[in-house]
Every structure is written in C-alpha cells, then in structure tokens.
Amino acid sequence: MEAYLDNAATTFVFSEVKDIMVKVMEEDFGNPSSLHKKGVEAEQYIKEAKETIAKLLKVEPKEILFTSGGTESNNMALIGSAYANKRRGNHIITTRIEHASIYNPLIHLEEEGFRITYLPVDERGIVELEALKEALCEETILVSIMGVNNEIGAVQPIEEIGRIIKGYRDTILFHVDAIQAYGKFPLYPKRWKVDLLSVSGHKIHGPKGSGFLYIKDKTKIHPLIFGGGQQRGMRSGTENVPAIAGLSLASKLMYENHEEKINKLKSLKERLIQGACEIEDVVDHSGMAPHIISLSFIGVRSEVLLHALEEKGVYVSSGSACSSNHPAVSGTLQAIGLDKKQLDSTLRFSLSIFTKEEEIDWAIACLKELVPVLRRFTRR
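Predicted model only: the values in this text are computed from it and were never measured.

Participant: Sorry if this is basic, but what is going on with the packing of helix H3 (residues 70–84) against helix H4 (residues 100–111) here?
Facilitator: For any two helices packed against each other, the geometry comes down to the angle between their axes and how far apart the axes lie. At a closest axis distance of 9 Å, the pairing of H3 and H4 adopts a crossing angle of 30°. By the criterion of interaxial angle, the relationship of H3 to H4 is roughly parallel. The handedness of the crossing between H3 and H4 is right-handed. Residues Thr71, Asn74, Asn75, Leu78, Ile79, Ala82 and Tyr83 of H3 form the contact with H4, whose participating residues are Ser101, Ile102, Pro105, Leu106, His108 and Leu109. For the contact of H3 with H4, a count of residues per class yields eight nonpolar, five polar and no charged.

Participant: Even after reading the chapter, I still don't get the pattern of salt bridges, so can you show me in this structure?
Facilitator: Oppositely charged side chains may form a pair once their charged atoms are brought near each other. Taken as a whole and assessed by the stated rule, the structure comprises 20 salt bridges. Between Lys18 and Asp19 there is a salt bridge, with its nearest N and O atoms 3.9 Å apart. With its nearest N and O atoms 2.7 Å apart, the salt bridge here joins Lys166 to Asp195. Here Asp195 lies in the loop between strand E6 (173–177) and strand E7 (196–200) and Lys166 lies in helix H6 (residues 158–168), a separation of 29 residues in the sequence. Like Asp195, Lys166 is buried. Via salt bridges that share partners, Lys23, Glu27 and Asp28 belong to a single interconnected network.

Participant: I'm lost on the sheet that holds strand E5 (residues 140–144) in this one. Help?
Facilitator: Sheet strands pair by backbone hydrogen bonding; their relative direction is either parallel or antiparallel. Taken in spatial order, the seven strands of this open sheet run E2-E8-E7-E6-E5-E3-E4, and their pairing is mixed. Both edges of this open sheet fall to strand E2 (64–67) and strand E4 (115–119), since each of them pairs with a single strand only. Ignoring which end each strand starts from, the neighbouring axes of this sheet average 20° apart. Two strands pair when backbone bridges link them, and E7 and strand E8 (residues 211–215) are joined in this way by five bridges, in the antiparallel orientation. If you follow Ser200 over to E8, its bridge partner there is Gly211.

Participant: What is the right way to look at the side chain of Asp28 in this model?
Facilitator: Within the secondary structure, Asp28 sits in the loop between helix H1 (15–26) and helix H2 (37–57). Polar contacts involving the side chain of Asp28 include one to the side chain of Lys23, which spans 2.7 Å. Leave out the neighbours within four places in its chain, and Asp28 touches Lys23, Glu41, Ala42 and Tyr45.

Participant: Before we go on, may I ask you to explain the pairing of strand E3 (residues 91–95) in this structure?
Facilitator: On a regular strand, each side chain points to the face opposite its neighbour's, so the side chains alternate between the two faces of the sheet. The buried fraction of E3 amounts to five of the five residues, a majority that puts the element mostly inside the structure. Judged by which residues are buried, E3 turns out to be covered on both faces: His91, Ile93 and Thr95 on one side and Ile92 and Thr94 on the other are all buried. On the question of chirality, the crossover connecting E3 to the parallel E4 by way of H4 is right-handed. The sheet contact formed by E3 and E5 spans three bridges and is parallel.

Participant: How should helix H8 (residues 258–276) be read in this particular structure?
Facilitator: The periodicity of an α-helix, 3.6 residues per turn, causes residues three or four places apart in sequence to face the same way. Look at H8: 27 Å from first C-alpha to last across 19 residues, which is about the 27 Å you get at 1.5 Å a residue. Taken as a whole, H8 has its buried residues at His258, Lys261, Ile262, Leu265, Leu268, Lys269, Leu272, Ile273, Gly275 and Ala276. Seen along its axis, H8 keeps its buried residues to an arc of 170°; they face one direction. Opposite the buried face of H8, by more than 90 degrees, sit the exposed residues Glu259, Glu260, Glu270 and Gln274.

Here is what the cut-offs are and how they apply
Residues numbered from 1 in each chain as written. Predicted model: local features only at pLDDT ≥ 70, side-chain atom pairs only at ≥ 80, totals over all residues. Heavy atoms only, no water. Axes fitted to C-alpha atoms, helices over the stretch in contact; angles between N-to-C directions. Helix = DSSP H or I, 4+ residues; strand = E, 2+ residues; numbered from the N terminus. Parallel < 35°, antiparallel > 145°, perpendicular 65-115°, else oblique. Left-handed = near helix turned anticlockwise from the far one by under 90°. Contact = heavy atoms within 4.5 Å. Nonpolar A, V, L, I, M, F, W, Y, C, P; charged D, E, K, R; others polar. Salt bridge = Lys/Arg side-chain N within 4 Å of Asp/Glu carboxyl O. Buried < 20%, exposed > 50% of the residue type's maximum accessible area, 1.4 Å probe, protein only. Pairing = 2+ DSSP bridges. Polar contact = N/O pair within 3.5 Å; in protein donor to acceptor, adjacent residues only side chain to side chain. Right-handed = clockwise from strand over helix to strand, strands pointing away. Expected span 1.5 Å × (residues − 1). Arc of directions from axis to C-beta.

Following this line, the structure appears as structure tokens:
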C-alpha cells in the first residue's frame, strides 16, 4: 500500500494532459512564430490556452503571460515591477510566511537599494491588516502577499487586502502568489484589485515547467528575458507549446465540478486530522486551504518520522519541497509562534483530488504504529 500525500510539492499529470502534450510534440510541433501552416497550428494552442485561463479568472486573454512556472512568475512580478516603478518609490511590502521564490528576489532587490517591510502574521498565519495599513507609505510601490501558504495552508483575505492597498493609493501594485490557491479556490484578480498573480502548472496535475503570470493591462513591468520579442516582447524565447497546452487543459479539468472536488478534499482533510489527533501530543496547525494539513508530533523529529513513513509507503513533507535540499527551520512555523518542540516535529500532508480514503486510513494507521515507538526510542 502506498499513500502519496505530498501534493503541495507536486502532482502527477492528468492522463488527458499527457495525451495532449504528446499530440503537440508528435504532430503539432511547429514553431508558433513560423508563418506557415505548422506554425499557425502551434500558435492556435497558445491562443486557446490564453482564452481558457482568462475565462476562468474573468480577465482578458492578453493579460496572461506564459512562464516556466511559479518561480519565474514570482521573479518577474517582483523584479520586473520594482525596476519599472523605481522612479515612484523604493518600498516593497511582503509577509513573514512567503515562499523562497518571493524571499530571494526581495533579497536581490534589497541589495539594489529597495526597502523591504516584512509584515507579521497571527498564530493562524493570517497577515495582520493593521500592520499593513501602518506599513503603507508614499514610497510604497508594491505589495506581495501569497494567497495560500504552502506549509500550513493559511488562506489570506486577499480581497480585503486589495481594498486596503488601493484605498491608500491606486498606483501601488498588488501581487499575489496564487500557486497553492489556483485550482483550489475560484480566483477573481480584477474584483480583488490584484495587478499581478502567479500560477504553476505542476500543482494542478499539469506539467512541470509550466505556469503563467496574470498582468493587469497597462501595469508597468519590465521583461526579464530579451530576444525575439515573443509574447508581446514580455518574455522572449520560443514558447513551450506542449506545456502551455497541458497547463490549459489541467486548468479546465481542475475547475470542472469544482465544488464537488473541493468538498472531497475537505472531507479527506478532516478524516486525516481527526485520525492523527487521536494520537497523544499531536498539534494541528492547519489553515483553511482544503488540501494542506500541518501537524506536530511532539517528541519525534520530523525528518525521522518522515523517513519512517516513507518505509511504509507514505510520502509526506517536512516543509516546502523547494527548500528540502537545504534544511532549515521553517520561517512560516516560526512566524506563527511555534515553540522548539513543535518546530522540530512538524510534518506537512497535502492532498489531491485523486487521493483516496484508503490512503488516508493507511497513513493514520502508520502514524499510530510509528509515533509511539519513535517516541520511546527518542526518550532513550
């Protein structure tokens, strides 16, 4: 028996996504910049993908820019907009619980002379709105706040945040890292006053190396990649048509019968939390996202339990997969105020629409078997 419960790290692709990608690679393989029939056929996939995604977000197709994934989208949103608007100011606001693909571009921008404010969050991981109001100033040009935290599943009040930012000054850009939110929630960037929104394909059963950045029309942003002028000069280089076609189809499939899919995730999440919390000294830190569970197993180091579960065929995470090659104490868990015992013993379980009850029950059974044994071993 196996239970893959690390879907916030990556998901397997829909079989339909695999099929359309193979078709594009084998049959419709033309360069979309070519003027002949093969090029036009390839370009049509890009056009249809923009239309599909724009319809889901209720935006214009021209506002969708395809990228290689969430990291590139985040880098372009931050660096591209900071450089384009630096004459207006040098102040950027973010939170203490952002992904590394936000933090590291901001470190770069800080070295370039920009001033960064990191907002605190409460014990649930929700940004403190009063702190946001106090941080906004005449030099502020950009606010970047993730929609759903990738470690604990905290869901931010994006619409309210957008009102606060634009109420202070309409020209301040609002960026949302929606990588864990897309496919799990309906997203309405225009209604929420969001100017830039990042998405990654491999979190929604699309291909790795696919993603997009929503850029509200007339937003001042500089490109990061220069060359042949593809995608209206905003991202040069021949488009990855198979990945774009796959991302488009994955998006469409994720939002079909969406409420039913999310209710299933919520039910599985509740089942896992309830079963795990039957074990003594287990603390639940999970936010409102339907697919992410964060649990501390007091007295057992997270990496020890992770590998013990792995031997049983249960695959989970001890934090963000993007940082797993460089183990460090989670900034998110520190920001919500966990003590050392909880910091050292927290695991993330993350679900997909294909997760089965049997997988949840197997994971619970393995936890109930392993945690008491590992605690006894640790005490020795």
